[in-house]
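Each chain, letter by letter, is given below.
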Amino acid sequence: MKNPVLLLLLSIVLPVSMAVSQTIENVAPGVWKIVFGVPEKYLPTDFKETPLNTTKTLAAVDKPPFNLKDIQFRKAAGGVIAALPVDTSEQFYGFGLQTNSFQQRGKRREIRISSWVSGNLGFGHASMPFYISSKGYGVLVNTARNTVFYMASKGKLDTTSARPIAGDSQHIALTTVDLYGKQHSLSNEVSITVNGTEGMELYIFGGPGMLAVMQRYNFFSGGGALPPLWGLGFKYRAKATFNEKQVLETANYFRDNKIPCDMLGLEPGWQTHSYSCSFVWNKNNFPDPDAFISKINEKGFKLNLWEHAYTHPSSPLFDSIAKYSCDYTVWTGAVPDFITAGAQRIFGNYHETQFVKKGISAFKLDESDAADYLVADMEWSFPDIARFPSGIDGIQMRQLFGSLYNKTMIDLYHKNNKRTWFDVRSSYLFAAPYPAVLYSDMYSHADFVRMTVNSGFAGVNWSPELRETSNEADLIRRLQTITLSAQMVVNGWYLDLPPWLQYDVKKNEKRELLPNHKQLEERARKLINLRMSLLPYLYAAFARYYFEGIPPVRALILDYPNDANVAAIDDQYMLGESILCAPFIDSASTRRVYLPKGIWYDFNTNKKYEGGRSYTISMSLDELPVFIKDNTILPLANPEQFITSQTVLNLTCNIYGTPTQALQLFEDDHFNNDYKQGVYNWVQLSWNGRKGTVTRKGNYKGRLYTIKKWQVVGS
Ligand code: GAL
């Protein structure tokens, strides 16, 4: 903790035998910790990174966002309950990477890491006990136990108010939807139950405003992760059964057809055993792994290997990892306890020498979330009753497992001063510093977009991948959505050919090309090129995530907190500083788009829109549902096929309106982590109404950008 200041110590006055201690401490600028009773041995904060200093970015706040003494704690059978008074006008967001809900008032939220949502209870790949209020504060429960929130959804008995008068014209419901479909009792209380504890720790994040709450949370977590520049390019994951020859053919397809591709992912077939994992190259498919890695790297791809942590008895790791594993298996594999130094060392050393040092650029860490709770014989994860050598139990480990695994593996790259960019299937609190994106087997396009919107409340990156589709429009609309997200990935793990050549799985397997595959391929190429053009802009957005804590992808409500019209918008989002995305979902080509106050420009036509109202927008499949904010300098790079350490991007700066503020681009050695030691430049682009100027500030000697052209495109 940089500047921990002890504010006050409270002792609740209770009969001596029942006294439960309660303390309030200001632990970081604008962050307060409340401890009630005796929390347990393992808390999520035990595993988090050191907070970053917020003082340069955020105004100091000297008092909590509300009176923290108004929070009532009590012990109950089997757990601890906290009750927080709230306003009837307050709205709530967050709970991690929620899938099928956005506004959280009036709901019960159950926090469980799970690969399937199982209704709309609150479960998910990165379900978290952390919500944000529209009044500009955040509440985080520092626990890995099952936690239940009632978000002002349960009214309490009140005998003091005037009693209502019942009339004789009451509404009698005749359907169960009418009968049960509404929230019955209004409430001005949020209640939180942590099951199985003797104490509770809350962290309260101040603002002012919701965006500042998120900035404080991200700083407190250790700062938002900066991906390597190549991580923002295009990723393709090849079919799980492909051998070396087939993977190389896939790689050549991209290069021969001039479709940019930076990252190639191998799926389970690279290993001798994959469910559970041996972590050993399958020599039938890859006879000479070192030579294969070199060939792929020489073509400019960064290789990513799929795995999960459950270690198969045939693995060279098995005997040594077994003693640091829990007492149950998953797919007959040992489950490493990544809290123990032994598991970290054994698992880490093996991966470092066998893969990191041999040129593997990243991993996809799969299956770290518990499986379906609703289908009793599909629960493949370790059980709640599992015991781990560190002393943590199965319930807590199910929440933390993904995060601990991610951290163990990502640390190997940090140690080697290499930038990386992982795919991970689960995450938990304080994950902002992990250079990783979450993904899912779920596939609703609308949910994928909502997750994109929600990711900004969670300190995680979300990647709405493309796999197969049912028709051409759906293919293109999904491609557009992945172009406009934290990671652009096509997951072809069960496809022989990229989906734009054949989106039907059965025909894809027979390598039957679509009649218009060339046209679809051209559309895919255009979108991937556009993604490559956006790299400088996206990289700057991620640099702000690190330096200022501002989520690169976020709900409109974070940028426009005073605009009541955006409070419920879960299908539009901000990408970086000045791009508003409004994806067309389920093949649609027409939708309502709300533009906040101010002027906006259609990215495709430069048509000007007056904000503060909604429009019905129609766009062809060649047009991207993107609007640019007035007074923006938008740099677009000439698209490269892939990024190398020598890459210099040639930029055209597009001017919308009359920007008076300089745009700051981030420039550094984008393959290592020297930026953390201060080695970088801010490249300032300014426009004076007639011409543009470029100023560099910083001590990085290399050059990543050359500014070639300035042009006014929207005025
Ligand atoms: C799933 C994962 C997919 C793919 C598959 C391979 O769990 O979500 O993306 O990697 O495993 O078996």
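Residues numbered from 1 in each chain as written. Predicted model: local features only at pLDDT ≥ 70, side-chain atom pairs only at ≥ 80, totals over all residues. Heavy atoms only, no water.

Thoughts on the overall build of the protein
The helix and strand inventory of the protein stands at 13 helices and 34 strands. Taking 27 Å as the expected radius of gyration for a compact globule of 715 residues, we find that the protein reaches 26 Å, a close match to that expectation. Summarising its shape, the C-alpha atoms of the protein cover approximately 75 × 65 × 60 Å along the three principal directions. Scored against the burial criterion, the 715 residues of the protein give a buried share of 61%. Here the contacts in the protein between residues at least 6 apart in sequence split such that 70% fall between residues at least 24 apart. Separation of charge centres in the protein, based on 74 positive and 67 negative side chains, amounts to 5 Å. (Helix = DSSP H or I, 4+ residues; strand = E, 2+ residues; numbered from the N terminus. Rg over C-alpha atoms; globule rule 2.2 N^0.38 Å. Buried < 20%, exposed > 50% of the residue type's maximum accessible area, 1.4 Å probe, protein only. Contact = heavy atoms within 4.5 Å. Lys, Arg positive; Asp, Glu negative; His and termini not counted. Charge placed at Lys NZ, Arg CZ, Asp CG, Glu CD.)

A few points about the packing of aromatic side chains
Per the counting criterion, the structure on display carries 62 aromatic pairs. With 5.6 Å between their ring centres and 35 degrees between their planes, F95 and Y131 make a pair best called tilted. Taken together, the residues F95 in strand β6 (residues 92–96) and Y131 in strand β8 (residues 127–133) connect sequence positions 36 residues apart. Overall, Y131 belongs to the buried group, its relative accessible area being 0%. Taking the centre distance of 6.0 Å and the plane angle of 75 degrees together, the rings of Y350 and F355 count as edge-to-face. Residue Y350 is classed as buried on the basis of its relative accessible area, which comes to 15%. The buried category is assigned to F355, whose relative accessible area is 1%. (Phe/Tyr/Trp six-rings, centres within 6.5 Å; stacked < 30°, edge-to-face > 60°.)

What to know about the sheet that holds strand β34 (residues 705–714)
Strand order in the open sheet formed by 3 strands is β29-β30-β34, and the pairing between neighbours is mixed. Looking at the sheet topology across the chains shown, the edges are occupied by β29 (632–637) and β34. Within the sheet, the average angular offset between the axes of one strand and its neighbour, ignoring direction, is 25 degrees. Pairing of strand β30 (residues 649–656) with β34, which is carried by 8 bridges, proceeds in the parallel orientation. If you follow N650 over to β34, its bridge partner there is T706. Each of β29, β30 and β34 touches helix α12 (residues 535–548); the most contacted strand, β29, lies at about 120 degrees to it. (Pairing = 2+ DSSP bridges. Axes fitted to C-alpha atoms, helices over the stretch in contact; angles between N-to-C directions.)

A closer look at the pairing of strand β13 (residues 234–237)
Burial along β13 is two-sided: the residues F234 and Y236 and K235 and R237 are all buried. In this sheet, strand β20 (residues 488–491) lies alongside β13 in parallel orientation, the contact comprising 4 bridges. Its bridge partner lying in β20, Y236 is registered against V490. Two strands pair when backbone bridges link them, and β13 and strand β14 (residues 263–266) are joined in this way by 3 bridges, in the parallel orientation.

Regarding the site of the ligand
Near the ligand the following residues occur: E267, P268, Y275, W306, K364, D366, E367, R425, Y439, D441, N491 and W493. R425 is positioned such that a nitrogen or oxygen atom in its side chain is 2.8 Å from an oxygen atom of the ligand. Burial of the ligand by the protein amounts to 94% of the accessible area it has alone, namely 310 Å². (Near = heavy atom within 4 Å. Polar contact = N/O pair within 3.5 Å; in protein donor to acceptor, adjacent residues only side chain to side chain. Areas by Shrake-Rupley, 256 points an atom, 1.4 Å probe, with all protein chains shown as cover.)

Section: the pattern of salt bridges
Once their charged atoms are close, side chains differing in charge can pair, the charge on each being opposite to the other. Taken as a whole and judged by the stated rule, the model has 43 salt bridges. Close ionic contact of D423 with K235 constitutes a salt bridge, the shortest N to O distance being 2.7 Å. One end of the pair, D423, is in strand β17 (residues 422–424); the other, K235, is in strand β13, with 188 residues separating them in the sequence. Taken as a pair, D423 and K235 share a single burial class, namely buried. Across the pair R591 and D571 runs a salt bridge whose closest N-O atoms are separated by 3.2 Å. Placement of the pair is R591 in strand β24 (residues 590–595) and D571 in the loop between α13 (556–559) and β22 (573–575), with a sequence separation of 20 residues. (Salt bridge = Lys/Arg side-chain N within 4 Å of Asp/Glu carboxyl O.)

Focus: the layout of surface pockets
Roughly 640 Å³ of internal volume is contained in the largest pocket. Along its surface, the largest pocket is lined by 26 residues, and R544, E577, Q661, A662 and L663 are the ones closest to its centre. Mapped by element, the contributors of at least two residues to the lining of the largest pocket are α12, β29 and β31 (663–667). Looking at the lining of the largest pocket element by element, the count peaks at 5 residues for α12. Across the lining of the largest pocket, the residue classes break down as 12 nonpolar, 7 polar and 7 charged. Computed from the structure, the second largest pocket encloses a volume of approximately 440 Å³. Taken together, 14 residues form the lining of the second largest pocket, with N53, K56, T57, F547 and Y680 sitting closest to its centre. Ranked by residue count, the leading element in the lining of the second largest pocket is α12, at 3 residues. Broken down by class, the residue content of the lining of the second largest pocket amounts to 7 nonpolar, 4 polar and 3 charged. In this structure, the lining of the second largest pocket is formed jointly by two domains, domain 1 (17–156 + 177–221) and domain 4 (633–714), each of which donates at least three residues. (1 Å grid on protein atoms, 1.4 Å probe; cavity = no way out; pocket = protein on both sides within 12 Å on 5 of 7 lines; lining within 4 Å. Points joined across faces, edges and corners; volume = space filled by probe spheres on them. Nonpolar A, V, L, I, M, F, W, Y, C, P; charged D, E, K, R; others polar. Domains from an automatic or database assignment.)

Brief notes about the domain arrangement of the protein
Each domain of the protein was delimited in the assignment, giving domain 1 (17–156 + 177–221), domain 2 (229–547), domain 3 (552–630) and domain 4 (633–714). Here the C-alpha centroids of domain 1 and domain 2 sit 30 Å apart. The partner domain 2 presents 49 residues to the 48 residues of domain 1 that form the contact. Roughly 4,200 Å² of surface becomes buried between domain 1 and domain 2 when both sides are summed, with 65% attributable to carbon and sulfur atoms. In terms of surface lost to domain 2, no three residues of domain 1 exceed L97, I113 and H125, which account for 17% of the buried area on that side. On inspection of domain 1 and its partner domain 2, the count reaches 2 salt bridges. Residue K407 is joined to E49 by a salt bridge in which the shortest nitrogen-to-oxygen separation is 2.9 Å. (Buried area = accessible area lost by both parts, 1.4 Å probe.)

Points about the nonpolar core
Grouped together as the largest cluster of nonpolar side chains are 224 residues, with contacts concentrated most on I192, W281, F422, L479 and W500. Once residues within four sequence positions are removed from consideration, W281 is found in contact with L266, W270, T272, F286, P289, F292, I293, L305, F355 and I360. (Core = buried A, V, L, I, M, F, W, Y, C linked by side-chain atoms within 4.5 Å.)

Re the state of the cysteines
Where two cysteines share a covalent bond between their sulfur atoms, that bond is called a disulfide. Counted by the stated rule, this structure contains 0 disulfides. Lacking any disulfide linkage, C581 is separated from the closest cysteine sulfur, that of C653, by 20 Å. By relative accessible area, C581 is classed as buried at 0%. (Disulfide = S-S within 2.5 Å.)

Remarks on helix α7 (residues 394–415)
Look at α7: 30 Å from first C-alpha to last across 22 residues, which is about the 32 Å you get at 1.5 Å a residue. The largest bend in α7 comes to about 55 degrees, at L400. Burial analysis of α7 places 17 of its 22 residues in the buried class, the great majority of the element. A side-chain oxygen of the first residue of α7 lies 3.1 Å from the backbone nitrogen of I395; this N-cap is D393. (Expected span 1.5 Å × (residues − 1). Bend = angle between axes of the 7 residues up to and from the residue.)

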